[in-house]
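# Breakdown of the fold
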Amino acid sequence: MEPSTRSRPVSATPSAAPSSAPSSLGSRIVTALVLAGGAAAAIGSQAAWPLAVATSFVGVVGLLELYSLCPRPASRFWTGIVVISLALLALIILPAPLGFLLPWGIGVAGLLMVAKRPKNSLALGLAAGWVIAPLLAGIWLHQATAGQGWGMNLLWVAIAPLWVGDTAAYLVGKAIGRTPLAPRLSPKKTWEGAVANLGGCVMAAILMGAAVGVPPTSAATIGLVLGTAGQMGDLLQSAVKRAVDVKDSGFILPGHGGVLDRLDSFFFAGPIAIVLLTQMVPHLFHVKR
């Protein structure tokens, strides 16, 4: 088990373990169903405001979770925030979604620095781009490809395969997972689960792509990118949590942890997939890029 200063106390009696597992699984399922329903309503809507409201909430909570992981003096923290803010101005100069890659890349670099030096407040400020840029890119993709009324758009292709992959990894890892993937970072992750994650991402991307007109080869490529980069993002966040000695980034999502625990894969893989989609299926976009 990963070291944690935030996890709830666990009873030391052996009899407590069997009864807690079903409860944990039940809360995980209920939370997943609620999240799936809310996400489907926001992503499927033609209007921008449902997704904007949802992403604003996610962004605020995600940033609060990120900063609570390593609360440090703000002397250099605000320097990092200013750098990210200036990087976001690249959206005025660079065509979307390329403009999102600059603040996202700086954010990933900041997160890597936090994993190495958790006391670095500048790195923590820079890491804000890792949360903000993917959310903005997701809103842009939705508006660039949403049709009339409720229905399919390319944001489904960029995010739904990650959900399917995570679920496949969890189920397969629980059932037959034996070979540790990265025991020092996340002892519960296995190679069996990682392969299931990748396969789930590819299959889901092909199915979602078929619904909106993405060719199978292009969709499979997106699935491979999402499955690979998504798991890298998951391990990166695990490295940060390991560095600051916590198990979960938060507790707002029962059975899943915090917003960062649930969306770390998208925060890392989403912007890459969105850029690839603009190159692979430009005819599906109805706004100037």
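Look above for the structure.
Residues numbered from 1 in each chain as written. Predicted model: local features only at pLDDT ≥ 70, side-chain atom pairs only at ≥ 80, totals over all residues. Heavy atoms only, no water.

## Focus on the packing of helix 2 (residues 49-69) against helix 7 (residues 128-145)
Pairs of packed helices are described in terms of their axes, by the angle between the two and the distance that separates them. We count it as follows: Here an angle of 0 to 180 degrees is reported between the N-to-C directions of two axes, which are lines fitted to C-alpha atoms, with helices fitted over the stretch in contact. Strands are runs of DSSP state E lasting at least two residues, helices are runs of H or I lasting at least four, and both sets are numbered from the N terminus onward. The labels follow the angle: roughly parallel below 35 degrees, roughly antiparallel above 145, roughly perpendicular from 65 to 115, and oblique for the rest. Note on contacts: a residue pair qualifies if any of its non-hydrogen atoms lie within 4.5 Å across the two residues. Asp, Glu, Lys and Arg are counted as charged, while Ala, Val, Leu, Ile, Met, Phe, Trp, Tyr, Cys and Pro are counted as nonpolar; the rest, among them Gly, fall into the polar class.
The interhelical angle for the contact between helix 2 and helix 7, taken along N-to-C directions, is 170°, at an axis separation of 9 Å. The angle between helix 2 and helix 7 falls in the class roughly antiparallel. Of the residues in helix 7, those touching helix 2 at Leu-51, Ala-52, Thr-55, Val-58, Gly-59, Leu-63, Leu-66 and Tyr-67 are Ala-128, Val-131, Ile-132, Leu-135, Gly-138, Ile-139 and His-142. Of the residues contributing to the contact of helix 2 with helix 7, the split by class is 11 nonpolar, four polar and no charged.

## Side note on the environment of Phe-267
What counts, and what does not: The buried label goes to any residue with under 20% of its type's maximum accessible area, the exposed label to any with over 50%, and the partly exposed label to all in between, with areas taken from a 1.4 Å probe on protein chains only.
Note that Phe-267 resides in helix 11 (residues 259-280). The buried category is assigned to Phe-267, whose relative accessible area is 0%. Here the alpha-carbon distance between Phe-267 and Pro-134, two residues 133 residues apart in the chain, equals 5.5 Å. Sequence-distant contacts of Phe-267, that is, excluding residues within four places in its chain, are made with Val-58, Trp-104, Trp-130, Val-131, Pro-134, Leu-135 and Leu-260.

## A closer look at the pattern of salt bridges
As a reminder of what qualifies: Every case where a carboxyl oxygen of Asp or Glu lies within 4 Å of a side-chain nitrogen of Lys or Arg is listed as a salt bridge.
Inspection of the entire model under this criterion finds four salt bridges. Residue Arg-262 is joined to Asp-166 by a salt bridge in which the shortest nitrogen-to-oxygen separation is 3.4 Å. On the criterion of sequence distance, the pair formed by Arg-262 in helix 11 and Asp-166 in helix 8 (residues 154-176) is long-range, its members being 96 residues apart. For Asp-261, the salt bridge is made with Lys-241, and the minimal N-O distance between the two is 2.7 Å. Highlighted residues: Asp-261 in helix 11 and Lys-241 in helix 10 (residues 216-244), separated in sequence by 20 residues. Asp-261 gets classed as buried once you look at its relative accessible area, which sits at 14%. Its relative accessible area of 7% is what places Lys-241 among the buried residues.

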